[in-house]
Structure formats: structure tokens, C-alpha cells
Amino acid sequence: LADAQRQGTLTVQNVLTESLRLLQIAGGFVPDDLGQMYTFPENAKAEALLEAVEEAGNVQVVVWCAFRPEVAYLAALLEKTFERKAVVLTGQTPGAARAQAIEAFKRGDAGFFVATAAAGGTGINGLQVASTEVFFSRNFKLGDYLQAQDRCHRPGTKSTVSIVKMLAENTVDLKVEESLEKKA
């Protein structure tokens, strides 16, 4: 951003693109300019997620992400690590598959519900069976965050719901947290 400012090419679009890339990097995935996705060999946030799930015990867990590559990666990682089914929901999930994923989680057939907050944060009932809700990554939209958070806090919730925010030190995650707190 400093280089763009010195060159006189700093625009709102540049700032938004840089912020988006920094969010993706903090989550462990970033595309190049051609759309090729790159992952990092070690993902500290994913390891912290596994620790949080382990600590929660054998309960149903909702994991919210900001980006689709995170959803796919984390669902596979959770299934492999804990040998429990994970269902996914993103903006690309067709209506029938969306309903099936929610129902599978609601019935207890899936231990994990992994979704983008933008796609799954509103209009979903059935996640109140979860006792742990993890925000792996978030965007700057307060509405996405609050609506996603409310999915587990609905009529029918039978237990206290623990909310875990995955925040990587010295990253844009802290700026997102600060921004959301100010907006709230």
C-alpha cells in the first residue's frame, strides 16, 4: 500500500484488494492474479482450530469462514482428523444440497458444519444443536458476523454455545476484530 501511495496509484479498489489478500493469507490461502490458489505448507490457524475442537470434546461444531477454499480445506481436515462427517455450505451450494447439509447436521449425522458466513449466516435454522461455534476467518461486514453468530442462538438451543474467534497475531485479523467491535 505504501508503494501504491508513493506511485500515486492508491485507490479504494487497491486498498480493498490488498485487504482481501491479507485476509486470505491469514487464513492460509491466496490466489494469484490469474485465480490460481496457493496454500501454505503450515497453517497455524488450522492447527489452532483442531486444538479448539479437541478441547470442545465430542460435540457438534459450526465453523464459519470468509472464503470458499477455507471451507473445503477445513471440512476435509476436520473429517480426517476426527473421523466425523463435515457438511459444507457456500454460495455455490445448490438449494437441495444446502437443505440436506443443514438437515444432516441438525439430525446429528454430521459433527461439523463448515460454511461461509455470507452464504450461511442468514435464513438457516437447525444449527442450534451446536455447542461450539468457531469463526476461522471473518470479513469486515458486521452483519455477516452477527447473523452467523445468531444461527446457533435460536429457539431450541439446549446448551450454552461457546464462540471461538481464530485471530492470528500481527495480521489483518486484528484489524477486522477492531473494526467489528467499533461497528457493534
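Below: a short report on this structure. (Residues numbered from 1 in each chain as written. Predicted model: local features only at pLDDT ≥ 70, side-chain atom pairs only at ≥ 80, totals over all residues. Heavy atoms only, no water.)

## Some words on empty space enclosed by the protein
Stated precisely, the cut-off is as follows: The pocket and cavity definitions rest on a 1 Å grid over protein atoms only: a 1.4 Å probe that fits but cannot leave marks a cavity, an open set with protein on both sides within 12 Å along at least five of seven lines marks a pocket, and residues lining either have an atom within 4 Å of a point. Grid points are joined across faces, edges and corners, and a volume is the space filled by probe spheres set on the points. Only Asp, Glu, Lys and Arg are considered charged in this grouping, and only Ala, Val, Leu, Ile, Met, Phe, Trp, Tyr, Cys and Pro are considered nonpolar; every other residue, Gly among them, is considered polar.
Within the structure shown, the criterion is met by one cavity of 30 Å³ or more. Lining the largest cavity are Phe135, Phe136, Ser137, Arg138, Met166, Leu167, Asp173 and Val176. Looking at the lining of the largest cavity residue by residue, the classes come out as five nonpolar, one polar and two charged.

## Considering a negative patch on the surface
Applied cut-off: Within the patch definition used here, like charges are joined within 9 Å and nonpolar side chains (Val, Leu, Ile, Met, Phe, Trp, Tyr) within 5 Å, considering only residues with over 30% relative accessible area and no salt bridge. Computed by Shrake-Rupley with a 1.4 Å probe, the accessible areas treat only the displayed protein chains as cover when residues are assessed. When a carboxyl oxygen of Asp or Glu lies within 4 Å of a side-chain nitrogen of Lys or Arg, that pair is called a salt bridge. When charges are counted, Lys and Arg contribute as positive and Asp and Glu as negative, whereas His and the chain ends are disregarded. Working definition for charges: the position is that of NZ of Lys, CZ of Arg, CG of Asp or CD of Glu. Strands are runs of DSSP state E lasting at least two residues, helices are runs of H or I lasting at least four, and both sets are numbered from the N terminus onward. The classification of residues rests on relative accessible area computed with a 1.4 Å probe and restricted to protein chains. Under 20% of the type maximum is buried, over 50% is exposed, and intermediate values are partly exposed.
A surface patch of like charges, here negative, comprises Glu42, Glu47, Glu51 and Glu55. Among the secondary structure elements, glutamate 47 is positioned in helix 3 (residues 44-56). Owing to a relative accessible area of 46%, glutamate 47 belongs among the partly exposed residues under this scheme.

## Topic: a nonpolar patch on the surface
A contiguous nonpolar surface patch, about 250 Å² in accessible area, is contributed by Leu22, Ile25 and Phe40. Position of phenylalanine 40 relative to the elements: it lies in the loop between strand 2 (37-39) and helix 3. In this structure phenylalanine 40 comes out as partly exposed when scored by relative accessible area, which is 36%.

## Some remarks on the side chain of glutamine 149
The test is simple: Two residues form a contact once any of their heavy atoms are found within 4.5 Å.
Here glutamine 149 shows up in helix 7 (residues 142-150). For glutamine 149, a relative accessible area of 17% translates into the label buried. Excluding its chain neighbours within four sequence positions, the residues that come into contact with glutamine 149 are Glu133, Phe135 and Ile163.

## Quick word on the environment of valine 87
Within the secondary structure, valine 87 sits in strand 4 (residues 86-89). Valine 87 sits in the buried class, given a relative accessible area of 7%. Contacts of valine 87, omitting those with residues within four sequence positions, involve Ala101, Ala104, Phe105, Ala110, Phe112, Phe113 and Val114.

## Notes on the nonpolar core
Cut-off, in case you're wondering: Throughout, nonpolar core names a set of buried Ala, Val, Leu, Ile, Met, Phe, Trp, Tyr and Cys residues whose side chains join them through atoms within 4.5 Å.
Grouped together as the largest cluster of nonpolar side chains are 27 residues, with contacts concentrated most on Val62, Trp64, Val87, Leu89, Phe105, Phe113 and Leu127. Of all the secondary structure elements, the ones that give two or more residues to this core are strand 3 (61-65), strand 4, helix 5 (95-107), strand 5 (112-116), helix 6 (117-120), helix 7 and helix 8 (172-183). The element best represented in this core is helix 5, accounting for four residues. Excluding residues within four positions of it along the chain, phenylalanine 105 makes contact with Gln60, Val61, Val62, Val87, Ala110, Gly111, Phe112, Phe113, Gly126, Leu127, Val129 and Ala130.

## Examining the pattern of salt bridges
Scanning all chains against the criterion turns up six salt bridges. We note a salt bridge from lysine 165 to glutamate 177, for which the minimum N-O separation is 3.0 Å. With lysine 165 in strand 7 (residues 162-165) and glutamate 177 in helix 8, this pair connects stretches of sequence that are 12 residues apart. Several salt bridges share partner residues, and in doing so they unite Arg138, Lys165, Glu177 and Glu181 into one network.

## Remarks on the packing of aromatic side chains
Spelled out, the test is: Only Phe, Tyr and Trp rings take part, Trp by its six-membered ring, and two of them pair if their centres are within 6.5 Å. Stacked means planes under 30 degrees apart, edge-to-face means over 60, and tilted covers everything else. Each ring is checked for a lysine NZ or an arginine CZ that lies within 6 Å of its centre and within 35 degrees of its normal; such an atom marks a charge sitting over the ring.
Tallied over the full model, the rule gives five aromatic pairs. Seen from their ring centres, phenylalanine 29 and tyrosine 73 are 5.2 Å apart, and the 65° between their planes marks the pair as edge-to-face. Residue phenylalanine 29 is found in strand 1 (residues 29-31), and its partner tyrosine 73 is found in helix 4 (residues 68-82); the two are separated by 44 residues along the sequence. The class for phenylalanine 29 is buried, based on a relative accessible area of 6%. Pairwise contacts between aromatic rings join Trp64, Phe105 and Phe113 into one cluster. Against the face of phenylalanine 112 rests arginine 84, its NZ or CZ located 4.7 Å from the ring centre. Stacked on the ring of tyrosine 145, the Lys or Arg arginine 138 has its end atom at 4.7 Å from the ring centre.

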